[in-house]
Amino acid sequence: MVTEPVGGLLALWVTHTNFSVSSMLGFVALMGVAVQTSVILYSFINKLRLEGRDIATATLEASVLRLRPIMMTALVACFGLLPAALSTGSGAIRRSRLPS
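Residues numbered from 1 in each chain as written. Predicted model: local features only at pLDDT ≥ 70, side-chain atom pairs only at ≥ 80, totals over all residues. Heavy atoms only, no water.

Peer 1: Help me understand the overall build of the protein, please; the structure alone is not making it clear to me.
Peer 2: Check the secondary structure of the protein and you find three helices and zero strands. Seen in sequence order, the protein has helices and strands lined up from the N terminus as α-α-α. Counting the 100 residues in the protein, one finds 16% classified as buried. Here the analysis covers contacts within the protein between residues at least 6 apart in sequence; of these, 50% occur between residues at least 24 apart. In the form shown here, the protein has an accessible surface area of approximately 7,500 Å², with 71% of it arising from carbon and sulfur atoms. (Helix = DSSP H or I, 4+ residues; strand = E, 2+ residues; numbered from the N terminus. Buried < 20%, exposed > 50% of the residue type's maximum accessible area, 1.4 Å probe, protein only. Contact = heavy atoms within 4.5 Å. Areas by Shrake-Rupley, 256 points an atom, 1.4 Å probe, with all protein chains shown as cover.)

Listed below in structure tokens is the structure:
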């Protein structure tokens, strides 16, 4: 949960982009995806624990079996927001660079 805002703010800083409504929407969407993927993983770990597996085995097995659905969910959200992240046309807010 901490790496998503830190990585997002670092990306804004590297690309010299202002923190705007569009970037805030991206943060909210990616935070929602992070929570959703966490719930998917933890619920599967709990299911395996109820079947009698120890926590290390359940965590490893759930991580291997749920990797593809989690990655598909995350990548769909990232690719869906990519046009908004890369937009430079009308309505896109960018910091202007002044000549030195």
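Peer 1: Even after reading the chapter, I still don't get the side chain of Thr37, so can you show me in this structure?
Peer 2: Looking at where Thr37 falls in the secondary structure, it is placed in helix α2 (residues 21-50). On the basis of relative accessibility, which here comes to 12%, the residue Thr37 falls in the buried class. Setting aside residues no more than four positions away along its own chain, Thr37 makes contact with Ile70 and Thr73.

Peer 1: Looking at this model, I keep getting lost on the pattern of salt bridges. Mind explaining?
Peer 2: Should the charged atoms of two oppositely charged side chains come close, the side chains can pair. Under the defined criterion, the tally for this structure stands at three salt bridges. For Glu61, the salt bridge is made with Arg53, and the minimal N-O distance between the two is 2.9 Å. Residues joined in a network through salt bridges with shared partners are Lys47, Glu51, Arg53 and Glu61. (Salt bridge = Lys/Arg side-chain N within 4 Å of Asp/Glu carboxyl O.)

Peer 1: Looking at this structure, how should I read the packing of aromatic side chains?
Peer 2: The relative placement of two aromatic rings is captured by the distance of their centres and the angle of their planes. Per the stated rule, a full pass over the model turns up zero aromatic pairs. For the cation-ring pair, Arg66 lies above Phe44, with the distance from its terminal atom to the ring centre recorded as 5.2 Å. (Phe/Tyr/Trp six-rings, centres within 6.5 Å; stacked < 30°, edge-to-face > 60°. Lys NZ or Arg CZ within 6 Å of the ring centre and 35° of its normal.)

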